[in-house]
Amino acid sequence: MQAMSKMRPVPFLLLIILLAACGQPRAIPAQAPETETPAAAAPASPEDTATHTPVPATTATPSETASPPMGNPLTGVPLEDAARLDQRPILVKVSNFPRNNRPQWGLSLADIVFEHYAEGGLTRFSALFFGQEAETIGPIRSARFVDLELVQMYGAIFAYGSADFRVREAIAESNFAERAVTEYPARCPPMCRFDPSNLNHLITSTAGLREYLQDQGVADQPVDLAGMKFDRVPPSGGEPGTELEIHYSAGNFHSWRYEAEAGVYRRWQETGSDEAEVELFSDRLTGAPVGPSNVILVVVPHSYITPNPEFVRIELWGSGRAIAFRDGRAFEIRWVRPAGGGVLRFEMQDGSSFPLKPGSTWIELVNTSSEIVEREPASWWVRFHIP
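Residues numbered from 1 in each chain as written. Predicted model: local features only at pLDDT ≥ 70, side-chain atom pairs only at ≥ 80, totals over all residues. Heavy atoms only, no water.

Participant: What should I look at first to understand the environment of Leu 199 in this one?
Facilitator: Summarising the element assignment, Leu 199 is placed in the loop between strand 7 (192–194) and strand 8 (201–203). For Leu 199, a relative accessible area of 13% gives the class buried. (Helix = DSSP H or I, 4+ residues; strand = E, 2+ residues; numbered from the N terminus. Buried < 20%, exposed > 50% of the residue type's maximum accessible area, 1.4 Å probe, protein only.)

Participant: Looking at this structure, I do not really get the state of the cysteines. What am I missing?
Facilitator: Scanning all chains against the criterion turns up one disulfide. Through a disulfide, Cys 188 is tied to Cys 192; the S-S separation comes to 2.0 Å. Measuring the twist about the S-S bond at about 85°, one finds the Cys 188-Cys 192 disulfide to be right-handed. (Disulfide = S-S within 2.5 Å.)

Participant: I would appreciate a short explanation of the pairing of strand 18 (residues 329–337) in the present structure.
Facilitator: Two faces belong to every sheet, and in a regular strand the side chains alternate between them. Across two bridges, the pairing between strand 10 (residues 239–249) and strand 18 is antiparallel. When the bridges of strand 18 are listed, Glu 239 appears paired with Ala 330. The sheet contact formed by strand 17 (residues 318–326) and strand 18 spans nine bridges and is antiparallel. The partner of Gly 318 across the bridge, within strand 18, is Arg 337. Hairpin connection, strand 17 to strand 18: the antiparallel pair is bridged by two residues, and Asp 327 has positive phi, about 55°. In this sheet, strand 19 (residues 345–347) lies alongside strand 18 in antiparallel orientation, the contact comprising three bridges. Within strand 19, the residue paired with Arg 334 across the bridge is Glu 347. (Pairing = 2+ DSSP bridges.)

Participant: Help me out: how do you make sense of the pairing of strand 22 (residues 371–376) in this one?
Facilitator: Inspection of the sheet shows strand 22 paired to strand 23 (residues 378–383) by five bridges, in the antiparallel sense. Counterpart to Glu 376 in the pairing with strand 23 is Ser 379.

Participant: Please clarify how the nonpolar core should be interpreted in this entry.
Facilitator: Across soluble globular proteins, nonpolar side chains show a tendency to be buried alongside one another. Ranked by internal contacts, the top residues of the largest apolar core, which has 91 residues, are Val 92, Tyr 154, Val 298, Leu 316, Leu 344, Phe 346 and Ile 363. Here Ile 363 is in contact with Ile 112, Val 113, Phe 114, Glu 115, Ile 296, Val 298, Leu 344 and Phe 346, once residues within four sequence places are set aside. (Core = buried A, V, L, I, M, F, W, Y, C linked by side-chain atoms within 4.5 Å. Contact = heavy atoms within 4.5 Å.)

Participant: When you look at the pattern of salt bridges in this model, what are you seeing that I'm missing?
Facilitator: Within the structure shown, the criterion is met by 17 salt bridges. Across the pair Glu 364 and Arg 267 runs a salt bridge whose closest N-O atoms are separated by 3.5 Å. Of this pair, Glu 364 sits in strand 21 (residues 361–366) while Arg 267 sits in strand 12 (residues 264–270); the two residues are 97 residues apart in sequence, bridging distant segments of the chain. Accessibility classification places Glu 364 together with Arg 267 in one group, the buried group. Here Lys 357 and Asp 327 are joined by a salt bridge, their closest N and O atoms 3.0 Å apart. Linking Lys 357 in the loop between strand 20 (355–356) and strand 21 with Asp 327 in the loop between strand 17 and strand 18, this pair joins segments that are 30 residues apart in sequence. (Salt bridge = Lys/Arg side-chain N within 4 Å of Asp/Glu carboxyl O.)

Participant: Just checking my understanding: could you explain the environment of Phe 230 for this structure?
Facilitator: Here Phe 230 shows up in strand 9 (residues 229–230). In the structure, Phe 230 is positioned 155 residues away from Thr 75 in sequence and 7.4 Å away in space, judged by C-alpha atoms.

Participant: What is the right way to look at unusual backbone geometry in this model?
Facilitator: Working note: non-glycine residues mostly have negative phi, and peptide bonds are mostly trans. Cis geometry is adopted by the peptide bond preceding Pro 98, which originates at Phe 97 and carries an omega value of 0°. You can see Pro 98 is positioned in the loop between strand 2 (90–95) and strand 3 (112–119). With an omega of -10°, the peptide bond running from Arg 102 to Pro 103 counts as cis. In this fold, Pro 103 is placed in the loop between strand 2 and strand 3. We note that Arg 187 has phi near 60°; this positive angle belongs to a residue other than glycine. Topologically, Arg 187 is positioned in the loop between helix 3 (183–186) and strand 7.

Participant: Help me understand the side chain of Glu 115 in this model?
Facilitator: Within the fold, Glu 115 resides in strand 3. Engagement of the side chain of Glu 115 in a polar contact is seen with the side chain of Arg 267, the distance being 2.8 Å. (Polar contact = N/O pair within 3.5 Å; in protein donor to acceptor, adjacent residues only side chain to side chain.)

Participant: Can you help me understand the packing of aromatic side chains in this one?
Facilitator: Centre distance and the angle of the planes are the two values used to describe a pair of aromatic rings. Overall, the coordinates contain 14 aromatic pairs when judged by the stated rule. Ring geometry for Phe 145 versus Phe 311: centroids 5.5 Å apart, planes at 45°, classification tilted. Of the two residues, Phe 145 sits in helix 1 (residues 145–154) while Phe 311 sits in strand 16 (residues 311–314), which places them 166 residues apart along the sequence. Residue classification places Phe 311 among the buried positions, given a relative accessible area of 7%. Here the aromatic rings of Trp 256 and Trp 362 are separated by 5.2 Å at their centres, their planes lie at 65°, and the arrangement is edge-to-face. Here Trp 256 is found in strand 11 (residues 252–259), whereas its partner Trp 362 is found in strand 21, with 106 residues between them in sequence. Across the pair, Trp 362 and Trp 256 agree in class, each one buried. Within the aromatic cluster, the residues linked to one another by ring pairs are Phe 125, Trp 256, Phe 281 and Trp 362. Over the ring of Phe 97 we find Arg 102; its NZ or CZ atom is 4.7 Å from the centre of that ring. Just above the ring of Trp 105 sits the side chain of Arg 284; from NZ or CZ to the centre is 4.3 Å. (Phe/Tyr/Trp six-rings, centres within 6.5 Å; stacked < 30°, edge-to-face > 60°. Lys NZ or Arg CZ within 6 Å of the ring centre and 35° of its normal.)

Here it is, written out as structure tokens:
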């Protein structure tokens with residue numbers, strides 16, 4: 001059983017109304033409308049097993065010593081296979097609601113995970129995979145406009161479930177349309193239905209997506225992913241930052257808590273039982289709790305395309321405020337999206353690159369009108385708002 005704890009109660013907006021979950025799993029002939037409703041999580045699937053290539057037992061002379069492994073430009077961690085640098089990253093749209101979609105598959109293997117507001121007080125994840133393969137990723141849900149910006153930034157392959165007709169049209173007219181993979185017409189594999197407990201989840205895999213696109217005649221190719229800086233030694237300055245608590249709505253809140261022994265932040269997500277209880281957020285694929293080296297609060301303008309029903313534009317271009325959490329400290333920095341293209345970058349106030357800790361990064365996108373306060377030493381609190 002997962003550990004649980006209580007968050008400090010705070011004033012809330014009206015509780016979100018969650019919709020009903022999908023029915024029986026199977027390869028179905030038509031895309032069913034998305035529904036969202038809270039329920040219990042499904043049982044975990046077995047952890048996949050790593051394979052290793054045997055190395056001949058030889059004694060190397062200095063001239064035969066292998067070169068140091070290439071670093072992953074998105075994590076600063078050495079790549080086991082330098083051939084990955086000749087591949088595109090893969091962006092997958094992953095659900096956070098209904099609650100019976102948790103724990104999700106594969107999030108701990110992503111290099112970068114973006115969390116953003118979707119609608120009705122709910123959030124979704126856009127998970128970027130590059131340095132590691134993920135045998136199962138999901139549950140997959142529908143795309144939003146912010147995903148078009150992320151795909152462009154990272155030159156990524158994009159896997160999603162469905163989308164509003166305006167998002168579908170924008171994808172169809174984009175320069176990455178051939179790299180966008182959805183359940184129809186792709187079908188299974190790589191977009192498959194899985195039924196752990198009558199939940200009809202849509203899942204995929206990194207290898208399956210690459211193979212599918214290769215079969216479609218879409219060539220993989222290297223992408224310039226330079227722009228992020230990594231250093232095991234944290235920069236000077238900053239403030240204590242061992243906890244970041246974010247309330248996207250009354251029924252959707254979580255906390256990032258620094259675990260000093262592991263040197264990572266652990267996510268604690270609401271359970272739906274009350275306005276304070278949270279539980280440790282884990283990966284169903286690996287069985288391990290999610291633990292990024294960096295958590296970054298990115299403050300970016302949000303605006304309504306339509307307020308009712310809610311349809312939001314997240315204006316992730318230009319630059320703006322950000323707060324980076326690493327090694328138990330919080331740093332006021334800036335996010336920058338270069339005008340000429342390239343990955344999302346992070347800078348110190350003097351314009352120099354902010355050094356992230358090697359490892360994965362989770363990025364929380366919040367509106368400029370959100371409340372952001374340091375409620376007590378080392379503990380930061382955010383309440384999301386849209387005007």
